[in-house]
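Architecture at a glance
So you can see what is in the structure, the chains are spelled out below.
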Amino acid sequence: MKLLRACIRNFRRLENVNIEFEPTETVFVGPNNCGKTSATTAFRTFLHTQDFKIHDFSVPRLKEFSSFESIVDPADAELPSISLDL
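Note that the structure is predicted; figures quoted are calculated from it, not measured.

Of note, Thr41 is situated in helix α1 (residues 36-47). Residue class for Thr41 comes out buried when judged on its relative accessible area of 11%.

Let's shift gears to the sheet that holds strand β1 (residues 4-11). The strand order across the open sheet formed by three strands is β2-β1-β3, and the pairing between neighbours is antiparallel. At either margin of the open sheet sits one strand with a lone partner, and together these are β2 (14-21) and β3 (83-85). Averaged over all pairs of adjacent strands, the angle between strand axes in this sheet comes to 10 degrees, irrespective of strand direction. In this structure, β1 lies alongside β3, joined through three bridges in antiparallel fashion.

All right, on to the pairing of β2 then. Of the strand pairs in this sheet, β1 and β2 are connected by seven bridges, and their pairing is antiparallel. What sits directly across from Arg9, in β2, is Asn16. Two successive antiparallel strands, β1 and β2, enclose a turn made up of two residues, where Arg12 displays a positive phi of approximately 50 degrees.

A cluster of nonpolar side chains, contributed by Ile54, Val59 and Leu62, occupies part of the molecular surface with about 260 Å² of accessible area. Its location among the elements puts Leu62 in helix α2 (residues 59-68). Judged by relative accessible area, which is 31%, Leu62 ranks as partly exposed.

Right, let's get into α1. Counted at 1.5 Å a residue, the expected span for α1 with its twelve residues is 16 Å, and the 17 Å between its end C-alpha atoms agrees. Among the residues making up α1, those that are buried are Ser38, Ala39, Thr41, Ala42, Phe43 and Thr45. In this fold, the buried residues of α1 make contact with β1, β2 and β3. Positive phi appears at Thr49, one or two residues downstream of α1, with a value of about 45 degrees.

Rules of the game
Residue numbers restart at each chain and count upward from 1, following the sequence in its written direction. Given that this is a predicted model, residues contribute local features only at a pLDDT of at least 70 and side-chain atom pairs are listed and counted only at 80 or more, while totals for whole chains, interfaces and linings are drawn from all residues. Excluded from the side-chain calculation are hydrogens and water; included are all heavy atoms of the structure. Strands are runs of DSSP state E lasting at least 2 residues, helices are runs of H or I lasting at least 4, and numbering of each runs from the N terminus. Under the scheme applied here, a residue whose accessible area is under 20% of the maximum for its type counts as buried, over 50% as exposed, and between as partly exposed, the area being computed with a 1.4 Å probe on protein chains only. DSSP-based pairing: two strands are paired if at least 2 bridges between them are found. For helices, the axis comes from a line fit to the C-alpha atoms of the stretch in contact; other axes are also lines fit to C-alpha atoms, and the angle between any two N-to-C directions lies between 0 and 180 degrees. Patch membership requires over 30% relative accessible area and the absence of a salt bridge. Like charges are linked within 9 Å, and nonpolar side chains (Val, Leu, Ile, Met, Phe, Trp, Tyr) within 5 Å. Where accessible areas are quoted, they stem from the Shrake-Rupley method and a 1.4 Å probe; at the residue level, only the protein chains shown are allowed to cover. Salt bridge, as applied in this entry: a Lys or Arg side-chain nitrogen positioned within 4 Å of an Asp or Glu carboxyl oxygen. Under the convention used throughout, the expected extent of a helix is 1.5 Å for every residue step, that is, one less than its residue count. Note on contacts: a residue pair is in contact if any heavy atoms of the two residues lie within 4.5 Å.

What follows is the structure in structure tokens.
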């Protein structure tokens, strides 16, 4: 049976997280503030095509937004992105 995997990048505390799903069901277990809610919110946001908010970006990516304002030609710059690969 083929294993389903997901990779979440730059979403809240999840800088680069790989998740492997079990064939029948997967349960996220862990201490508070480790990313369980962020992972489920990322799936819901992508699957329901909700809009991302600025606070959905991981903290290091927010710094990149600040430096974007000082770029002379914004066409040459690349803004940070949030991604989910399945």
